[in-house]
Every structure is written in C-alpha cells, then in structure tokens.
Amino acid sequence: MDKGLVYGKVLVDDWPPYVERWLQWRPRGLVILPAQRWNEGFSHPNALRYDGSNLAQVREALARIRERAESI
C-alpha cells in the first residue's frame, strides 16, 4: 500500500494519497491518474488525469518520459 516503496518512472493509480506518497520519492516521475470521482480536484504538475478523452496527451507524456530515460 505504500506507493513510496514502488520504484519506477511511471505510476498508474487513482488514489491521491498514494500518488502524493510516490511523488515524494519520485519527483521527476509521471503519474497517470485514471479519472474517478474521488480524484476530481487532484492536481500536481507530474500527474495527468486520464478520462478517456485525452489519450494523445497521455501518449505524449509517456514519450517524453521515455526520451528522458534514454538520454541518461
């Protein structure tokens, strides 16, 4: 349950407290936040709320993460 322990560059989760905990340890990571009523007001520069209508935006964000990882 402690998402702060999960290593990675991308997290997909819909629960804001888990997202915030993960972002504490992964400040350059990307969160894809599946749209739910309990996360409607959640906002973070590294979190992208996916509601089914913004797939192109999600793909672009994932491509940027990949490019950044490949340049290291």
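Quick note: structure is the one above.
Since we're looking at a predicted model, the values are computed, not measured.

Peer 1: Sorry if this is basic, but what is going on with the overall build of the chain here?
Peer 2: In terms of regular secondary structure, the chain is built from 2 helices and 3 strands. Taken against the 2.2 N^0.38 rule, which gives 11 Å for 72 residues, the C-alpha radius of gyration of the chain at 12 Å falls within 12% of a compact globule. Counting only C-alpha atoms and orienting by the principal axes, one finds that the chain spans roughly 35 × 30 × 15 Å. Within the chain, the proportion of its 72 residues that are buried is 32%. Nonlocal contacts in the chain, meaning residues at least 24 apart in sequence, comprise 15% of its contacts between residues at least 6 apart. For the chain, the accessible area works out to roughly 5100 Å², and carbon and sulfur atoms hold 53% of it.

Peer 1: Is there a simple way to explain the pairing of strand β2 (residues 30-34) in this structure?
Peer 2: Sheet faces and side chains relate simply in a regular strand, where the side chains alternate between the two faces. The element β2 is largely enclosed, with a buried count of 4 among its 5 residues. Sheet topology note: the strand β1 (residues 10-12)/β2 ladder contains 3 bridges and is parallel. Among the inter-strand pairings, Leu11 is bridged to a residue of β2, identified as Val31. The parallel pair β1 and β2 is bridged by helix α1 (residues 16-25), and the resulting crossover is right-handed. Relative to strand β3 (residues 47-50), β2 is paired through 4 bridges, and the arrangement is parallel. The residue of β3 that forms the bridge with Ile32 is Leu48.

Peer 1: Where do I start with the side chain of Asn39 in this structure?
Peer 2: Mapped onto the elements, Asn39 comes out in the loop between β2 and β3. Within the structure, Asn39 has its side chain in polar contact with the side chain of Arg49 (distance 2.8 Å). With near-sequence residues (within four places) excluded, Asn39 lies in contact with Asp14, Pro16, Leu33, Pro34 and Arg49.

Peer 1: Any chance you could explain the sheet that holds β1 here in plain terms?
Peer 2: Pairing between sheet strands relies on hydrogen bonds along the backbone, with the strands arranged either parallel or antiparallel. With respect to topology, 3 strands assemble into an open sheet ordered β1-β2-β3, the strand pairing being parallel. The open sheet has two edge strands, β1 and β3, and neither has a second partner. Taking the axes of each pair of neighbouring strands and ignoring which way they run, one obtains an average angle of 20° across the sheet. Most of the contacts of α1 go to β2, to which it runs at about 175°, and overall it touches β1 and β2. Against the sheet, helix α2 (residues 55-70) makes contact with β1, β2 and β3, and its axis sits at roughly 150° relative to β3, the strand it touches most.

What counts, and at which threshold
Residues numbered from 1 in each chain as written. Predicted model: local features only at pLDDT ≥ 70, side-chain atom pairs only at ≥ 80, totals over all residues. Heavy atoms only, no water. Helix = DSSP H or I, 4+ residues; strand = E, 2+ residues; numbered from the N terminus. Rg over C-alpha atoms; globule rule 2.2 N^0.38 Å. Buried < 20%, exposed > 50% of the residue type's maximum accessible area, 1.4 Å probe, protein only. Contact = heavy atoms within 4.5 Å. Areas by Shrake-Rupley, 256 points an atom, 1.4 Å probe, with all protein chains shown as cover. Pairing = 2+ DSSP bridges. Right-handed = clockwise from strand over helix to strand, strands pointing away. Polar contact = N/O pair within 3.5 Å; in protein donor to acceptor, adjacent residues only side chain to side chain. Axes fitted to C-alpha atoms, helices over the stretch in contact; angles between N-to-C directions.

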